[in-house]
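# Topology and contacts: notes
Below are the chains, spelled out letter by letter.
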Amino acid sequence: MKIIDSHVHYGEIASFSMPMRTIDEMMAERSVAVAIISNIENAETTGEKGFVPLSEHSTQLNARLLEKIADRSGLYMQYWIRPAIEDMSGEIARFIENNAQKVVGLKIHPFMSAMRVDDERMRPYLEYAQERGLPVAVHTAAGYGCECRYLAEVCARFPKINFIAVHMDLGTDHAEAVKFVNSLPNLYGDVSWIPYEEYKKLGVLPDKALFGSDIPINVQTGYAFYDSYFKHAEGEELLMYKNAEKVFSLR
């Protein structure tokens with residue numbers, strides 16, 4: 001059974017240490033064939049403590065991850081953007097376009113950029129994503145302006161982008177996020193941190209959900225949190241890999 005994990009992290013920041021070795025071990029243990037990875041070292045802020053003074057440009061930080069996966073089949077990456085401290089630029093565009101076989105989307109983390117996804121500083125990145133046909137994954141959660149309702153407004157402004165509501169509003173009952181996922185043609189949701197039994201009760205349309213784990217941030221539980229997803233994988237082909245193939249153009 002093929003499994004695509006659409007939500008994996010790499011890098012070291014604060015108390016998190018997520019080397020490629022840990023990702024490899026976790027994926028091998030559960031026979032996860034494909035992963036979409038983003039480099040958390042691009043985080044601009046904790047959302048409360050101001051912006052982090054980083055000496056390296058996002059192209060350099062994202063290049064670290066690219067170097068780790070360049071010769072590895074089944075491993076892809078999202079370019080984690082830093083809209084608070086960097087403008088969309090030709091340098092970023094060239095990085096993405098020169099590595100198009102591996103860079104399959106953008107990653108936006110409103111909490112770690114201390115801005116909502118509908119902030120005007122996001123617009124140049126989204127215009128570029130729409131022009132290039134790149135999907136955009138967005139962290140959604142309760143508080144700090146991270147709610148899916150703001151992403152829903154952006155979906156309407158950029159109808160040619162396939163967006164992913166990561167977590168479908170972490171820390172909530174997910175009902176509002178699911179409403180948007182089901183009603184907006186270009187919005188999908190990932191199930192990271194949602195137990196399988198809870199996911200099955202949410203009523204997400206089968207062709208609108210992606211399996212995502214957030215490993216190895218949850219290094220203590222790893223894929224064990226998703227045991228029920230793996231047990232039911234044979235009957236969840238859309239969730240476990242087909243929807244991700246479509247969104248990230250992996251076929």
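These numbers come from a predicted model, not from an experiment.

Next up on the list: the environment of Lys-160. Assignment of secondary structure puts Lys-160 in the loop between α6 (148–157) and β7 (163–170). On the accessibility criterion, Lys-160 (69% relative accessible area) is exposed. For the pair formed by Lys-160 and Leu-250, sequence separation is 90 residues and the distance between their alpha carbons is 18 Å.

This paragraph deals with helix α1 (residues 20–29). Those residues of α1 that sit buried are Met-20, Thr-22, Ile-23, Met-26 and Met-27. On an axial view of α1, the arc spanned by its buried residues comes to 160 degrees, and they lie on one face. Those residues of α1 that are exposed and angled more than 90 degrees off the buried face are Arg-21, Ala-28 and Glu-29. Elements in contact with the buried residues of α1: β1 (4–13), β2 (16–18), β3 (34–39), α2 (58–69) and β4 (75–80). Count one or two residues on from α1 and you reach Ser-31, which has phi positive near 55 degrees.

Once that is clear, we can look at the sheet that holds strand β5 (residues 103–108). Reading across the sheet, the nine strands line up as β2-β1-β3-β4-β5-β6-β7-β8-β9 and stay open at both edges, with mixed pairing between neighbours. The sheet terminates laterally at β2 and β9 (209–210), the two strands that pair on one side only. Where α2 meets the sheet, it contacts β1, β3 and β4, and its direction lies at approximately 175 degrees from that of β4. Where helix α7 (residues 175–183) meets the sheet, it contacts β7 and β8 (187–190), and its direction lies at approximately 160 degrees from that of β7.

Here is what the cut-offs are and how they apply
- Residues numbered from 1 in each chain as written.
- Predicted model: local features only at pLDDT ≥ 70, side-chain atom pairs only at ≥ 80, totals over all residues.
- Heavy atoms only, no water.
- Helix = DSSP H or I, 4+ residues; strand = E, 2+ residues; numbered from the N terminus.
- Buried < 20%, exposed > 50% of the residue type's maximum accessible area, 1.4 Å probe, protein only.
- Arc of directions from axis to C-beta.
- Contact = heavy atoms within 4.5 Å.
- Pairing = 2+ DSSP bridges.
- Axes fitted to C-alpha atoms, helices over the stretch in contact; angles between N-to-C directions.

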